[in-house]
Amino acid sequence: DGESVIDVRLGTLGSRGVLLLAEDRTRAVRVEETRRDFVANVSHELKTPVGAITLLAETMQDAADDPEAVRRFAGRMQSESRRLAHLVQEIIELSRVQGGSALPDAEPVEIDDVVETAVAMNRNLALGARITLKTGGPTGLQVFGSSSMLVTAVSNLISNAIAYSPPETQVGIAVRRDGGMVELLVKDQGIGISKENLERVFERFYRVDRARSRTTGGSGLGLAIVKHIATDHGGEVSAWSMEGQGSTFTIRLPEMGRTDAITVGGSALR
Ligand code: ADP
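Below, the structure is looked at part by part. Computed from a prediction, not measured in an experiment: that's the story for all the values here.

Calculation notes
- Residues numbered from 1 in each chain as written.
- Predicted model: local features only at pLDDT ≥ 70, side-chain atom pairs only at ≥ 80, totals over all residues.
- Heavy atoms only, no water.
- Helix = DSSP H or I, 4+ residues; strand = E, 2+ residues; numbered from the N terminus.
- Expected span 1.5 Å × (residues − 1).
- Buried < 20%, exposed > 50% of the residue type's maximum accessible area, 1.4 Å probe, protein only.
- Near = heavy atom within 4 Å.
- Polar contact = N/O pair within 3.5 Å; in protein donor to acceptor, adjacent residues only side chain to side chain.
- Salt bridge = Lys/Arg side-chain N within 4 Å of Asp/Glu carboxyl O.
- Patch = residues over 30% accessible without salt bridge, like charges linked within 9 Å, V, L, I, M, F, W, Y side chains within 5 Å.
- Areas by Shrake-Rupley, 256 points an atom, 1.4 Å probe, with all protein chains shown as cover.
- Pairing = 2+ DSSP bridges.
- Core = buried A, V, L, I, M, F, W, Y, C linked by side-chain atoms within 4.5 Å.
- Axes fitted to C-alpha atoms, helices over the stretch in contact; angles between N-to-C directions.
- Parallel < 35°, antiparallel > 145°, perpendicular 65-115°, else oblique.
- Left-handed = near helix turned anticlockwise from the far one by under 90°.
- Contact = heavy atoms within 4.5 Å.

1. A look at helix α4 (residues 147-163)
- Between its terminal C-alpha atoms α4 stretches 24 Å, which fits the 24 Å expected from 17 residues at 1.5 Å a residue.
- Counting buried positions along α4 gives twelve out of 17 residues, so the element sits mostly inside the fold.
- Buried within α4 are the following residues: Met149, Leu150, Val151, Thr152, Ala153, Val154, Ser155, Asn156, Leu157, Ile158, Ala161 and Ile162.

2. Quick notes on helix α2 (residues 67-97)
- Along its 31 residues, α2 runs 45 Å from first to last C-alpha, staying within 8% of the 45 Å computed at 1.5 Å per residue.
- Taken together, the buried positions of α2 are Ala69, Phe73, Met77, Glu80, Arg83, Leu84, Leu87, Glu90, Ile91, Glu93, Leu94 and Val97.

3. A word on the site of the ligand
- The full set close to the ligand counts 19 residues, and Asn160, Tyr164, Asp188, Ser219 and Leu223 are the nearest of them.
- With respect to the ligand, the side chain of Asn160 contributes an N or O atom lying 2.8 Å from an oxygen atom.
- Here Val208 contributes a backbone N or O atom positioned 3.2 Å from an oxygen atom of the ligand.
- Looking at the shell around the ligand, the elements with two or more residues in it are α4, α7 (222-232) and β9 (246-254).

4. Brief notes about the pattern of salt bridges
- If you walk through the whole model with that rule in mind, you get 16 salt bridges.
- Here Arg25 and Asp7 are joined by a salt bridge, their closest N and O atoms 3.1 Å apart. Here Asp7 lies in strand β1 (residues 6-12) and Arg25 lies in the loop between β2 (18-24) and α1 (26-62), a separation of 18 residues in the sequence.
- The closest approach of N and O atoms between Glu183 and Arg176, which form a salt bridge, is 2.8 Å.
- Residue Glu183 is classed as buried on the basis of its relative accessible area of 7%.
- Linked by salt bridges that have partners in common, Arg176, Asp178, Glu183, Glu236 and Arg252 make up one network.

5. Quick notes on a nonpolar patch on the surface
- A surface patch of nonpolar side chains, about 540 Å² in accessible area, is lined by Ile6, Val8, Leu10, Val18 and Leu20.
- For the nonpolar patch, the secondary-structure elements that each account for two or more residues are β1 and β2.
- Top contributing element to the nonpolar patch by residue count: β1, with three residues.
- Looking at where Ile6 falls in the secondary structure, it is placed in strand β1.

6. A closer look at the pairing of β2
- The element β2 is largely exposed, with a buried count of zero among its seven residues.
- In the sheet, β1 pairs with β2 via seven bridges, with the strands oriented antiparallel. In the strand pairing of β2, Arg9 is matched with Leu21.
- Connecting the antiparallel pair β1 and β2 is a turn made up of five residues, with Gly14 showing a positive phi of about 60 degrees.

7. Quick notes on the nonpolar core
- If you look at the biggest cluster of nonpolar residues, it comprises 50 residues, and the most contacted ones within it are Ile111, Ile158, Val171, Leu184 and Ile251.
- Elements supplying a minimum of two residues to this core: α1, α2, α3 (111-128), α4, β6 (170-178), β7 (181-188), α7 and β9.
- The next biggest cluster of nonpolar side chains, apart from the first, holds seven residues, and it includes Ile53, Ala63, Phe73 and Leu84.

8. Description of the packing of α1 against α2
- Packing of α1 against α2 brings their axes to within 9 Å, and their N-to-C directions diverge by 165 degrees. In terms of their interaxial angle, α1 and α2 are classed as roughly antiparallel. Crossing hand, α1 versus α2: left-handed.

9. Digging into the environment of Ser247
- Its location among the elements puts Ser247 in strand β9.
- Residue Ser247 is classed as buried on the basis of its relative accessible area, which comes to 4%.
- Considering only alpha carbons, one finds Ser247 and Gln189, 58 residues apart in sequence, at a separation of 6.8 Å.
- Apart from the residues lying within four places of it in its own chain, the contact partners of Ser247 are Val186, Lys187, Asp188, Gly192, Ile193, Trp240 and Ser241.
- Within the structure, the side chain of Ser247 is placed 2.9 Å from the side chain of Ser241, a separation counted as a polar contact.

Now the structure itself:
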């Protein structure tokens, strides 16, 4: 950890001497280690719901003549399957964004539209949790990137804010300009995150409270996805939190200046 990996090979050149070959493989080894960790984590995370579903199915078979028990087990199987489907979807999403390649569908994106769509996607979740979603007025700010990916990022932040907040609180979504950057803030009045955990929440599969997160259906991948989407757009994501008071997550993206867009026949080019 933190050390370099140098491959050293020694060859002989007959009677003319020896040849020493040194190759710095630090980066390649790191990448391979990260990949191996990821595969191990994915297998572990998938085994849990699959194991639960198998067990529930077996138990249900044994209880076939008790309709009430069958109904109960079926319900639990349904929620485990939903959890599994959500996890698979997030794994696919993460592998799509962590390639770090060019954005497939990059174009000028209105941030107000991104926020509106992300808020609409979380409307029912907020209603069920009795949380009010508040947004500011239109800003007209634009960034260059993938609208669908930015919606995913903002939606992940909003659904987290809802999941980790008590009922009758507010989640605020704000957009503002700071220098040449567009800032997207998602602020909640929830349980907050301790300092030690705050440093780690963007890691893949990291969850502060596994037991609690399990009941909320969390996978620990949401913030890793947000981080990749922000960096793929030349931006970054950061978090501020105070335990018991709430958290604010901020995505900063380079602003696409009005002068960057040349309007030709009604369509904006860059
Ligand atoms: P999950 O799917 O578990 O929500 P994330 O990657 O989205 O995974 O978040 C990682 C962890 O960070 C969560 O399990 C939770 O403990 C913590 N967390 C994320 N957002 C918030 C928030 N708004 N308030 C409090 N804790 C949060």
